[in-house]
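# Tertiary structure, described
Chain residues, written in single-letter form:
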Amino acid sequence: MTILVRLIYASKVSPQFGPMDMRDILGKSRHNNTQAGITGLLVMADGYFFQALEGDRSAVHQVYAKILRDSRHNSSVVLSSAEIEKRLFTDWTMGYVLRTEKNRPLFLSYSADKYFDPMSMRAQAAEMLLADIGEHARQIGGTESAV
């Protein structure tokens, strides 16, 4: 029996993060997630990774364990991990959104401060923000690419 879960975490981007690292992360994630039946959305904003992973509980936790060992991620914090009835990101093996000046107001609308800090978000706010970011990306035609 498959138990479907959504895990949301935030981590700090490593100071050694280079220009080709995002391409590498997305390429490997999309390939591996397809094999594992995982969907999700990765956001890079203001020095943070902010991500939702959805799929079978065991597969999601295996992917998160790999992320914890990845030197490009520092100080990872699980914001939410819960069983779900349905996926939010069914059409993305790993959607990707970069915070830009254009979408900055969306990010800040969920921040308690004038800076985006996903590590200080409550679980419900993190889920709502990722859902809103995903919906915004769909509306402007984003799927598997940077939006």
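So, a few notes on the structure that sits alongside this text. (Residues numbered from 1 in each chain as written. Predicted model: local features only at pLDDT ≥ 70, side-chain atom pairs only at ≥ 80, totals over all residues. Heavy atoms only, no water.)

## Examining the pattern of salt bridges
Within the structure shown, the criterion is met by nine salt bridges. Here R6 and E127 are joined by a salt bridge, their closest N and O atoms 3.6 Å apart. With R6 in strand β1 (residues 4-13) and E127 in helix α4 (residues 123-139), this pair connects stretches of sequence that are 121 residues apart. We classify E127 as partly exposed; its relative accessible area is 28%. The residue D21 makes a salt bridge to R72 at a minimum N-O spacing of 3.7 Å. Linking D21 in helix α1 (residues 21-36) with R72 in the loop between α2 (57-69) and β4 (73-83), this pair joins segments that are 51 residues apart in sequence. (Salt bridge = Lys/Arg side-chain N within 4 Å of Asp/Glu carboxyl O. Helix = DSSP H or I, 4+ residues; strand = E, 2+ residues; numbered from the N terminus. Buried < 20%, exposed > 50% of the residue type's maximum accessible area, 1.4 Å probe, protein only.)

## Considering the environment of Q62
Following the sequence through the fold, Q62 ends up in helix α2. Overall, Q62 belongs to the exposed group, its relative accessible area being 52%. Taking the C-alpha atoms as reference points, Q62 and A36, separated by 26 residues in sequence, lie 9.8 Å from one another.

## Here's the deal with the environment of L41
Examined against the element boundaries, L41 turns out to sit in strand β2 (residues 39-45). You can call L41 buried: its relative accessible area is 0%. Considered as a pair, L41 and N103 are 62 residues apart in the sequence and their alpha carbons are 16 Å apart. The contact partners of L41, leaving out residues within four places of it in the chain, are F50, Q51, A52, F89, W92, M94, G95, Y96, V97, L130, I133 and G134. (Contact = heavy atoms within 4.5 Å.)

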